[in-house]
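Residue strings, one per chain:
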Amino acid sequence: MSLDDDWLSFEQVIHLVDNGAKIAITSGAAARIIKCRDYLDKKITESDELFYGINTGFGFLQDVKIDGNQVEKLQYNLLVSHACGLGEEVPKDIVRLMLALKIKSLSYGNSGVQIDTVNRLAEMYNNDVLPVIYTQGSLGASGDLAPLSHLSLPLLGLGQVYIPTGASENNWVKVPSSQALEKFSWQPISLQSKEGLALINGTQFMSAYGMYCLKKSAHLLRMADLVTALSFDAFDCISEPLHPNIQRIRPHKGQVETAKTISEYLAGSEINTRSKKQVQDPYSFRCVPQVHGATKDVFNNVLNVFLTEINSVTDNPNIFPDEDLIVSGGNFHGQPLALHLDFLAIAMSELANISERRIYQLISGQRGLPMFLVKEAGLNSGFMIPQYTAAGIVSENKQLCTPASVDSISSSNNQEDHVSMGANAATKCLRVINNVEKVLAIELLSAAQALDFRRPLKTSPVLEELHASFRHTVSFNEADRVLHNDMVKAIEFVGGRQVEEISRK
């Protein structure tokens with residue numbers, strides 16, 4: 001895949017994550033990078049003017065002039081002093097995205113880096129040399145300083161990286177970066193003026209997390225509708241709330257889409273078309289178009305913000321060779337990302353919130369279903385405790401959905417006196433989304449069990465395929481067994497490609 005100033009789409013990002021596509025910058029991008037670097041070299045040679053981070057210190061030390069013969073040492077010191085991450089390691093797929101998005105941002109030719117630096121980042125990406133990066137350390141302003149420093153250390157032969165062992169795509173070994181450089185016959189990069197700042201100023205930690213969360217959210221939005229449809233028949237629900245006329249008089253895009261999608265999943269179901277005793281169903285079934293639909297509308301809003309971000313230049317200062325300008329600004333500030341990561345977490349958490357209520361209804365002993373979806377309830381506890389697990393996860397999500405973006409804390413001796421906390425918003429957003437996957441898996445486990453008690457009645461062809469496919473993974477629960485194992489298998493199933501294909505039928 002070529003990276004340039006052309007728009008990078010959501011589909012291309014998904015392709016990068018799912019298919020391990022190789023990347024390269026175009027000749028146009030290379031020309032812009034070289035032009036900007038040549039301009040910067042000439043500018044600092046011919047001028048005594050102070051340019052932030054180029055011939056000055058950083059942050060509160062912005063007024064400290066740096067001698068020309070210390071420029072390389074300045075950039076080296078910047079990377080090693082800012083590599084202060086702690087906590088869990090960033091998942092490899094997100095590290096890979098961070099590399100790609102950093103290359104994309106540098107390809108515009110407004111950052112002043114050497115072409116060798118960009119090419120090395122691409123070589124790291126293409127050879128799966130993935131820096132060890134930590135989740136804690138960024139305030140989401142001045143860029144993701146600590147995470148991006150860890151991303152950049154291997155350019156100097158410092159830090160640690162994961163490299164594949166070759167045995168399989170899932171086998172990795174963590175080695176010192178110097179060992180990886182030796183393996184691939186790479187020389188350490190000698191950073192020139194501005195380069196360290198260009199590498200660690202930026203929002204690629206937040207952006208990569210956000211795009212990964214959006215990719216996973218897109219899948220779970222489809223899963224939520226599909227699993228809901230199965231629960232709909234398992235609980236013998238009325239389809240009137242899905243009627244197009246209901247949506248026509250309140251035409252939120254997500255609501256209309258959700259009602260249509262679930263109606264299509266239910267098409268051809270004999271359970272759905274038979275007469276019902278109840279007049280209305282609980283809100284967790286009846287209001288799915290409104291709840292799932294609202295989450296979809298938020299998803300689309302957040303996606304637009306992140307697509308703008310990954311197609312932007314977010315380091316500082318910015319260099320404009322054609323205008324003979326070097327301008328300090330604040331494009332590294334993560335406020336747009338922080339707010340929308342919080343919004344995405346809140347919206348996605350509602351998928352789990354309403355799903356847990358459907359689980360509760362399914363095990364409640366109503367609509368001709370046995371208590372806790374098991375034969376000989378009492379002797380067997382059945383699906384009593386998976387609902388506990390779902391409830392605990394949903395409550396954890398409520399705690400995680402307290403916005404990070406309402407917080408700020410001063411840093412760098414009060415020079416950086418307002419920060420976004422977007423990095424914290426990013427990491428907890430992924431935790432929320434992973435939790436949503438778990439709850440939807442428990443709902444699928446419950447709905448499949450409930451549907452078996454409806455036999456010999458059949459649901460729709462699509463949902464019968466879903467049920468049969470799931471039964472190849474998890475069998476019907478005749479009597480109490482270790483349900484943890486079933487739940488783990490259900491989570492893997494919900495996240496898999498097979499069910500993705502079923503959801504698109």
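Residues numbered from 1 in each chain as written. Predicted model: local features only at pLDDT ≥ 70, side-chain atom pairs only at ≥ 80, totals over all residues. Heavy atoms only, no water.

Chemist: Just to check I follow, could you spell out the packing of aromatic side chains for this structure?
Modeler: What describes a pair of aromatic rings is the distance from one ring centre to the other and the angle between the planes of the rings. If you walk through the whole model with that rule in mind, you get seven aromatic pairs. Ring centres of Phe-184 and Trp-186 lie 4.8 Å apart, and the angle between their planes is 20 degrees; on these two criteria the pair is classed as stacked. Phe-184 gets classed as partly exposed once you look at its relative accessible area, which sits at 22%. With 6.3 Å between their ring centres and 70 degrees between their planes, Phe-232 and Phe-285 make a pair best called edge-to-face. Here Phe-232 is found in helix 9 (residues 204-234), whereas its partner Phe-285 is found in helix 13 (residues 283-286), with 53 residues between them in sequence. Side by side, Phe-232 and Phe-285 carry an identical accessibility label, which is buried. (Phe/Tyr/Trp six-rings, centres within 6.5 Å; stacked < 30°, edge-to-face > 60°. Buried < 20%, exposed > 50% of the residue type's maximum accessible area, 1.4 Å probe, protein only. Helix = DSSP H or I, 4+ residues; strand = E, 2+ residues; numbered from the N terminus.)

Chemist: Would you explain the environment of Leu-362 in this entry?
Modeler: You can see Leu-362 is positioned in helix 15 (residues 335-362). Contacts of Leu-362, omitting those with residues within four sequence positions, involve Ser-231, Ala-234, Phe-235, Leu-369, Leu-373, Ser-446, Ala-447 and Ala-450. (Contact = heavy atoms within 4.5 Å.)

Chemist: Looking at this structure, I do not really get the pattern of salt bridges. What am I missing?
Modeler: Once the charged atoms of two side chains with opposite charge are near each other, the side chains can pair. Tallied over the full model, the rule gives 29 salt bridges. The salt bridge partner of Arg-32 is Asp-5, with a shortest N-O separation of 3.6 Å. Residue Arg-32 is located in helix 2 (residues 27-46), and its partner Asp-5 is located in the loop between strand 1 (2-3) and helix 1 (10-19); the two are separated by 27 residues in the primary sequence. According to the relative accessible area criterion, Arg-32 is partly exposed, its value standing at 23%. Across the pair Glu-356 and Arg-357 runs a salt bridge whose closest N-O atoms are separated by 2.7 Å. You can call Glu-356 buried: its relative accessible area is 5%. (Salt bridge = Lys/Arg side-chain N within 4 Å of Asp/Glu carboxyl O.)

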